[in-house]
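Architecture at a glance
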Amino acid sequence: MPFQYQYIADANCLVVVGSGRVSLQEFLDYHRELRIKNAQSALRILADYRKLDPSDLSTDDIQQIRLSALKKIEGKFDALKEAIVVSGELAFGLSRMFDGLVYAENYDLNVFTDIREAKAWLGLDPDTPLALSEG
């Protein structure tokens with residue numbers, strides 16, 4: 001699976017790292033399997049997709065991914081703030097499309113190419129280490 005994730009309670013931040021070529025089904029499986037225990041009602045997500053290859057995804061796929069993400073958070077969080085960090089133009093454009101396809105009042109998303117800027121936008125110290133722990 002191209003996604004690894006960990007909820008870091010001290011920062012109230014779900015850290016997601018994606019790598020390799022990704023399909024619609026892998027995104028949907030990630031949403032289905034995602035479990036966050038004891039998260040606060042206003043969740044932050046740092047999605048590091050700098051090593052993720054979205055070249056197999058279509059506009060319809062992006063819409064399905066967005067709807068799946070919104071369904072996953074429905075009724076669980078008062079507010080969600082997600083920073084997506086990408087490295088290429090295709091990933092940047094698809095991520096912006098993800099944000100614009102379906103409006104959600106309590107889901108604030110922004111796309112970055114710099115992880116320090118993404119952390120600052122989330123209200124975290126840019127120097128805060130948010131790497132996934134081993135094991």
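What counts, and where the lines are drawn
- Residues numbered from 1 in each chain as written.
- Predicted model: local features only at pLDDT ≥ 70, side-chain atom pairs only at ≥ 80, totals over all residues.
- Heavy atoms only, no water.
- Core = buried A, V, L, I, M, F, W, Y, C linked by side-chain atoms within 4.5 Å.
- Buried < 20%, exposed > 50% of the residue type's maximum accessible area, 1.4 Å probe, protein only.
- Helix = DSSP H or I, 4+ residues; strand = E, 2+ residues; numbered from the N terminus.
- Expected span 1.5 Å × (residues − 1).
- Pairing = 2+ DSSP bridges.

A few points about the nonpolar core
Residues Phe3, Val16, Phe27, Tyr30, Tyr49 and Tyr107 are the most contacted members of the largest nonpolar core, which totals 28 residues. Within the residue set of this core, elements represented by two or more residues are β1 (3-8), β2 (13-21), α1 (24-33), β3 (42-53), α2 (59-73), β4 (79-85) and β5 (107-112). Among the nonpolar cores identified, the runner-up in size contains twelve residues, and Ala11, Val15, Phe112 and Leu124 belong to it.

Considering α2
When the terminal C-alpha atoms of α2 are compared, their 22 Å separation across 15 residues agrees well with the 21 Å that a helix rising 1.5 Å per residue should span. Inspection of α2 places Asp61, Ile62, Ile65, Arg66, Ser68, Ala69, Leu70, Lys72 and Ile73 among the buried residues, and these make up the whole buried set. Just downstream of α2 lies Gly75, where phi reads positive at about 75°.

Things to note about the pairing of β1
As judged from the six bridges shared by β1 and β2, these two strands associate in the antiparallel manner. The residue bridging Ile8 from the neighbouring strand is Cys13, located in β2.

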